[in-house]
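Observations on the three-dimensional arrangement
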Amino acid sequence: MSLISDKQVAQFHEQGYFVVEPQWEADELREVADEFDRLHAEAIAAAEAEGDAERIELAKLRPFIGQAHTRSDVLKRFIKSPIYLDACAKLIGPNADLYYNQAVIKPPEKGRSFAWHQDSGYVVTDPLAYITCWTAISRTFVDNGCIWIIPGSHKWGLLPHPRNEATHELVAQFEDESEAIPVEMQAGQVAIFSSLMLHKSGTNISREIRRGYVPQYHVPNVIGKHTGKPWGDLYPVLRDGKGV
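Since we're looking at a predicted model, the values are computed, not measured.

**Section: the sheet that holds strand E15 (residues 229-230)**
Strand order across the open sheet formed by three strands is E5-E14-E15, with antiparallel pairing between neighbours. Two strands bound the open sheet, and with one partner strand each, they are strand E5 (125-126) and E15. Sheet analysis places E5 next to strand E14 (residues 223-224), joined by two bridges and oriented antiparallel. Residue pairing in the sheet places Thr-125 in a bridge with Gly-224 of E14.

Next up, the structure:
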């Protein structure tokens, strides 16, 4: 059964994104949230063992836990959820790989913001564009640091992304963010958008943790332009239109 409509596909091409209704039961999301909490605790412990104060602060306040599928059987299954496979089939083609995935957490009342960027600005690939599936594991709203997007900005091309050494971010260079909108979601909803979509997230000033899971999908054997070699997780999820 198709989970993504033709209207949503059209919106993706025109505006660069769409949002689907909740895709998982509460117990499935709880299982993922428990894995996030475990991985977050491990990240903090690893930073503390290293003794780097800056890394400890980032681990506590703005953790990005990459390649999470290699550290969790739960997430290894989750990345092949039907909504993701349907997005791959509709927006990439009959063959697709997991390109990258990360658990992103904003602790209550102190989770840090993340600057405007395009996902393609971090690593330039050939082909360039892929899909990001920003998944709300817990509900996400303005006060707990939901993402903001600029609809249609995927048509602006790849923008310069100089590095901010103070915040350890690449920051997209553009002038007008007046058309930005927040993407508030209930637990289990997914915002599916182009890797060229400009987006950011705010600080968490609420009393609720914000848990997001961000699997990204690309064509098989995508090339990283900085190496000229295959790049990313390179983990097959779809072949000839069927999950693998």
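Now that the structure has been shown, the text picks up again.
**Brief notes about the environment of Val-190**
Along the polypeptide, Val-190 turns up in strand E11 (residues 190-194). For Val-190, a relative accessible area of 0% gives the class buried. Measuring from C-alpha to C-alpha, the distance between Val-190 and Arg-112 comes to 21 Å, with 78 residues separating the pair along the chain. With residues near it in sequence (within four places) discarded, Val-190 still touches Phe-18, Val-19, Val-20, Trp-24, Tyr-84, Cys-133, Trp-134, Thr-135 and Met-185.

**Some points on the sheet that holds strand E4 (residues 114-117)**
Spatially, four strands are ordered E4-E12-E7-E10 in an open sheet, and the strand pairing comes out antiparallel. Pairing within the sheet leaves two strands with one partner each, and these edge strands are E4 and strand E10 (181-183). For this sheet, the mean angle separating the axes of adjacent strands, direction not counted, is 25°. Here strand E7 (residues 147-149) pairs with E10 via three bridges, running antiparallel. Residue pairing for E10: Ile-149 is matched across the bridge by Ile-181.

**Notes on the layout of surface pockets**
Volume-wise, the largest pocket comes out at about 940 Å³. Every residue lining the largest pocket is counted, 37 residues in all, and those nearest its centre are Phe-64, Tyr-100, Gln-102, Phe-114 and Tyr-122. Elements represented by at least two residues in the lining of the largest pocket include exactly helix H2 (26-50), helix H3 (53-61), strand E2 (64-66), strand E3 (96-106), E4, strand E6 (131-136), strand E12 (199-201) and strand E13 (210-218). Per element, the largest residue contribution to the lining of the largest pocket is four residues, and it comes from E3. The residue makeup of the lining of the largest pocket, split by class, is 19 nonpolar, nine polar and nine charged.

**Examining empty space enclosed by the protein**
Scanning all chains against the criterion turns up one cavity of 30 Å³ or more. Put simply, the largest cavity is a space of about 30 Å³. Forming the boundary of the largest cavity are Arg-62, Pro-63, Phe-64, Val-104, Ile-105, Lys-106, Phe-114, Ser-201 and Arg-210. If one sorts the elements of the lining of the largest cavity by residue count, E3 sits on top with three residues.

**Side note on the pairing of E3**
Of all the 11 residues making up E3, 10 are buried; the element is thus mostly covered by neighbouring parts of the structure. Of the pairings in the sheet, the one linking E2 to E3 comprises three bridges and is antiparallel in character. Counted as the bridge partner of Gly-66 is Gln-102 from E3. Taken together, the nine bridges between E3 and E13 define a ladder with antiparallel strand orientation. By the bridge assignment for E13, Leu-98 is matched with Tyr-217.

Conventions and cut-offs
- The residue numbering used here restarts from 1 in each chain and proceeds along that chain's sequence as written.
- Whole-chain, interface and lining totals are the exception, using all residues; otherwise, since this is a predicted model, local features are given only for residues with pLDDT of at least 70 and side-chain atom pairs are given and counted only at 80 or more.
- In computing side-chain properties, one takes all heavy atoms of the structure into account and sets aside hydrogens as well as water.
- Only strands that DSSP links by at least two bridges are regarded as paired with each other.
- To qualify as a helix, a DSSP run of H or I must reach at least 4 residues; to qualify as a strand, a run of E must reach at least 2; elements of each kind are numbered from the N terminus.
- The buried label applies to any residue whose accessible area, calculated with a 1.4 Å probe on protein chains only, is under 20% of its type's maximum; exposed applies above 50%, and partly exposed to all values in between.
- Two residues qualify as a contact provided that any one of their heavy atoms is within 4.5 Å of a heavy atom in the partner residue.
- Helix axes are fitted to C-alpha atoms over the stretch in contact, other axes to C-alpha atoms as well, and angles between N-to-C directions run from 0 to 180 degrees.
- The method works on a 1 Å grid over the protein atoms by themselves. A cavity is a set of points holding a 1.4 Å probe that cannot get out, a pocket is an open set with protein on both sides within 12 Å along at least five of seven lines, and residues with an atom within 4 Å of a point line them.
- Grid points are joined across faces, edges and corners, and a volume is the space filled by probe spheres set on the points.
- Side-chain classes follow a simple rule in which Ala, Val, Leu, Ile, Met, Phe, Trp, Tyr, Cys and Pro form the nonpolar group, Asp, Glu, Lys and Arg form the charged group, and the remainder, Gly included, forms the polar group.

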